[in-house]
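# A look at the structure
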Amino acid sequence: MAALPHQAALVQGPAPTPSTSSSQAAAAAPWAPACAQQRHRRRRAALRASSTGGSGGLSYKDAGVDIDAGNELVKRIQKLNPNIGGFSGMVPFGDSFLVAGTDGVGTKLKLAFDMNKHDTVGIDLVAMSVNDIVTSGAQPMFFLDYFACGKLDVDTAEQVIKGIVEGCRQSDCVLLGGETAEMPGFYSPGEYDLAGFAVGSVKKDAVIDGSRIQAGDAILGLASSGVHSNGFSLVRKVLEVSGTSLHDTAPWAPDTSVGLSLLTPTVLYVRDCMKMIGAADVRGLVHMTGGGFPENIPRVVPKGMAARIRRSAWEVPALFQWLQEAGKVPDSEMFRTFNMGVGMIIVVPRSEVDKVLGLGIGAFELGEIVEGSGVELV
């Protein structure tokens, strides 16, 4: 990532295999040279925007998540393996790349425990990985899950897996297998954790890495369904300080409860992205995950260019407006923590905009690529 922070970098020689068993290492050896590009390792990028929130408002750090500490870890990991920084990892396989990604659901699981609703977090789990690998232009092929608990509740686990199967169906991939780990004394009663792993493929001449992005290109967006699976530590902190219960009627959605609304699953963008890729010259795709606008968009924009986003281009959903007001969260913190209603960002030449808008997938214009750096909210 140090040399090519927003693009794939071919690594000459065997791929690094820290904490890998001998059998896993033997299986990995034939893939050298490998293209190592992992979504979890990223650098900070500047966000230039005015802050309208109160100076005493909540931040992600107040909720227990220190983004700066995470970025410091990224810097140290880059010293061990500099060839990282994208949304997913790649290894050559014939005339294609195998593309892999891994992620979890985060503290959104706490809401599932409190609401005793477990049939949608599996969709979130699939979405967080497949939405990452599709940014390279890859079609997901299969998915693996890891379900860990203190004491196995078969009915709950079945509901979780039901969601995973549905997520795979919507992404046109297969649930290949997984691991159920029962670890007494490690998790609180009734709680569990999830991790997921997706693998897809893309032809070598069809990889989308942002390298062809140039000034004047248009930035488009696809709407999110809500918070998705990032920022829930701050969400829960806002609920706490505002005295709002998960069972209260949602101020932003009067026909449902706070808890059920927040459990709305992450959108699966695979089919829409593959449709765009087949119809237009897509030069960059950005999955809006942890880090929001300032840390995700620059991962695909070449050095010397910036993303200019027009805040008037879309209406921030009422959910985020309520979170900001109830928690007195500054603008900069909102855009750094949440997707703000935009779950996937697409960069295409200006001449291709009408093609994408005409696909019927709900795409809308957000801004353009300009000379500069970072993200500009205007």
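Per an unreviewed UniProt entry, the protein chain goes by the name Phosphoribosylformylglycinamidine cyclo-ligase and belongs to Chlorella sorokiniana. The record held by UniProt for the protein chain lists under Sequence similarities (unreviewed entry) the comment "Belongs to the AIR synthase family." Quoted verbatim from the Pathway (unreviewed entry) heading of the UniProt record, the comment on the protein chain is "Purine metabolism; IMP biosynthesis via de novo pathway; 5-amino-1-(5-phospho-D-ribosyl)imidazole from N(2)-formyl-N(1)-(5-phospho-D-ribosyl)glycinamide: step 2/2."

Helix and strand counts for the protein chain come out as twelve helices and 16 strands. Every one of the 378 residues in the protein chain was classed for burial, and the buried ones make up 52%. Counting only carbon and sulfur atoms, one obtains 53% of the accessible surface of the protein chain, whose full area is about 16200 Å².

This part is about the pairing of strand S15 (residues 364-371). Counting buried residues along S15, six of its eight residues qualify, which places the element largely inside the surrounding structure. Pairing of strand S9 (residues 218-223) with S15 involves four bridges; the strand directions are antiparallel. Bridging from a neighbouring strand, Gly221 pairs with Phe364 of S15. Of the pairings in the sheet, the one linking strand S13 (residues 305-309) to S15 comprises five bridges and is antiparallel in character. If you follow Ala306 over to S15, its bridge partner there is Val370.

Before going further, it helps to spend a moment on the pattern of salt bridges. One pass over the structure, following the stated rule, counts 16 salt bridges. For the salt bridge of Lys110 with Glu191, the shortest nitrogen-to-oxygen distance reads 3.1 Å. With Lys110 in helix H3 (residues 108-115) and Glu191 in the loop between strand S7 (174-182) and strand S8 (192-203), the pair connects residues that are 81 residues apart, well separated along the chain. The shortest N-O distance in the salt bridge between Asp217 and Arg283 comes to 3.0 Å. Taken together, the positions of Asp217 in the loop between S8 and S9 and Arg283 in the loop between helix H8 (270-279) and strand S12 (284-287) put the pair 66 residues apart, joining distant regions of the chain. Classification of Arg283 as buried rests on a relative accessible area of 13%. One network of salt bridges, with partners in common, ties together Arg212, Asp217, Asp281 and Arg283.

Moving on to the packing of helix H6 (residues 232-242) against helix H10 (residues 318-327). Contact geometry of H6 with H10 gives a least axis separation of 9 Å together with a crossing angle of 55°. Relative to H10, the element H6 is oriented oblique. Between H6 and H10 lies a crossing of left-handed hand. Residues Val235, Val238, Leu239, Val241 and Ser242 of H6 pack against Trp322, Leu323, Ala326 and Gly327 of H10.

Where H10 is concerned, the buried positions are Leu319, Phe320, Trp322, Leu323, Gln324 and Gly327. Contacts made by the buried residues of H10 are with H6, helix H7 (258-262) and helix H11 (331-337). Phi turns positive one or two residues past the end of H10, at Lys328, with a value near 50°.

On to the packing of helix H4 (residues 121-133) against helix H5 (residues 154-170). It is at 6 Å that the axes of H4 and H5 come closest, and there the two elements cross at 40°. Here H5 runs oblique to H4, going by the angle between their axes. Once H4 is placed against H5, the crossing between them reads as right-handed. Touching Val121, Gly122, Ile123, Leu125 and Val126 of H4 are Val160, Gly163, Ile164, Glu166, Gly167 and Cys168, all from H5. Looking at the contact of H4 with H5 residue by residue, the class counts come to seven nonpolar, three polar and one charged.

Turning our attention to the packing of aromatic side chains. For the structure shown, the criterion picks out seven aromatic pairs. Ring geometry for Phe147 versus Tyr192: centroids 5.1 Å apart, planes at 25°, classification stacked. One end of the pair, Phe147, is in strand S6 (residues 139-149); the other, Tyr192, is in strand S8, with 45 residues separating them in the sequence. We note that Phe147, like Tyr192, is buried. Between the aromatic rings of Phe186 and Tyr187, the centroid separation amounts to 5.2 Å while the plane-to-plane angle is 70°, which identifies the pairing as edge-to-face. Note on Phe186: relative accessible area 60%, which makes it exposed. The class for Tyr187 is partly exposed, based on a relative accessible area of 21%. Linked through ring pairs, Phe113, Phe147 and Tyr192 together constitute an aromatic cluster. Sitting over the face of the ring of Phe97, Lys204 holds its NZ or CZ atom 5.8 Å from the ring centroid.

For the rest of this paragraph, the subject is the state of the cysteines. For the coordinates displayed, the defined rule picks out zero disulfides. With no disulfide of its own, Cys173 lies 4.0 Å from the sulfur of Cys168, the closest cysteine sulfur.

Residues Leu144, Val174, Leu176 and Phe197 make up a contiguous nonpolar surface patch of about 350 Å² in total accessible area. We classify Leu144 as partly exposed; its relative accessible area is 32%.

This part is about empty space enclosed by the protein. Overall, the coordinates contain two cavities of 30 Å³ or more when judged by the stated rule. Of the volumes computed, that of the second largest cavity is approximately 30 Å³. Here the residues of the lining of the second largest cavity sort into three nonpolar, five polar and no charged.

Parameters at a glance
- Note on numbering: residues in each chain are counted from 1, in written sequence order.
- Given that the model is predicted, a residue must reach a pLDDT of at least 70 before its local features are reported, and side-chain atom pairs must reach 80 or more before they are shown or counted; all residues, however, enter totals for whole chains, interfaces and linings.
- With hydrogens and water set aside, each side-chain value is computed from the structure's full complement of heavy atoms.
- UniProt positions are given in the numbering used here, feature names are shortened, and annotations may be inferred rather than shown by experiment.
- Here a strand is any run of E in DSSP of at least two residues, a helix any run of H or I of at least four, and the numbering for each starts at the N terminus.
- Exposed residues in this analysis have more than 50% of their type's maximum accessible area, buried residues have under 20%, and partly exposed residues fall in between, with area computed by a 1.4 Å probe over protein chains only.
- The Shrake-Rupley method, run with a 1.4 Å probe sphere, supplies the accessible areas, and residue values consider only the shown protein chains as cover.
- Between any two strands, at least two bridges found by DSSP are needed for them to pair.
- We count a salt bridge whenever a side-chain nitrogen from Lys or Arg sits within 4 Å of a carboxyl oxygen from Asp or Glu.
- Comment: axis = line fitted to C-alpha atoms, over the contacting stretch for helices; angle = value between 0 and 180 degrees taken between N-to-C directions.
- Orientation labels follow simple angle bins: below 35 degrees gives roughly parallel, above 145 gives roughly antiparallel, 65 to 115 gives roughly perpendicular, and whatever is left gives oblique.
- Working rule for handedness: look at the near helix, and if it is turned counterclockwise from the far one by less than a right angle, call the crossing left-handed; if clockwise, right-handed.
- We call two residues in contact when some of their heavy atoms are within 4.5 Å.
- Amino acids outside the nonpolar list (Ala, Val, Leu, Ile, Met, Phe, Trp, Tyr, Cys, Pro) and the charged list (Asp, Glu, Lys, Arg) are all regarded as polar, and Gly is one of them.
- Two aromatic rings from Phe, Tyr or Trp, using only the six-membered ring of Trp, form a pair when their centres are within 6.5 Å; if the ring planes differ by under 30 degrees the pair is stacked, by over 60 it is edge-to-face, and anything between is tilted.
- In this analysis the charged atom, NZ for Lys or CZ for Arg, is taken to sit over a ring once it is within 6 Å of the ring centre and within 35 degrees of the ring normal.
- Two cysteine sulfurs form a disulfide in these notes if their separation is within 2.5 Å.
- Without a salt bridge and with relative accessible area above 30%, a residue can belong to a patch; like charges are then joined within 9 Å and nonpolar side chains (Val, Leu, Ile, Met, Phe, Trp, Tyr) within 5 Å.
- Within this scheme a cavity is a closed region of a 1 Å grid, computed over the protein atoms alone, that accommodates a 1.4 Å probe without allowing it to escape, whereas a pocket is open but has protein on both sides within 12 Å along at least five of seven lines; lining residues each have an atom within 4 Å of a point.
- Grid points are joined across faces, edges and corners, and a volume is the space filled by probe spheres set on the points.

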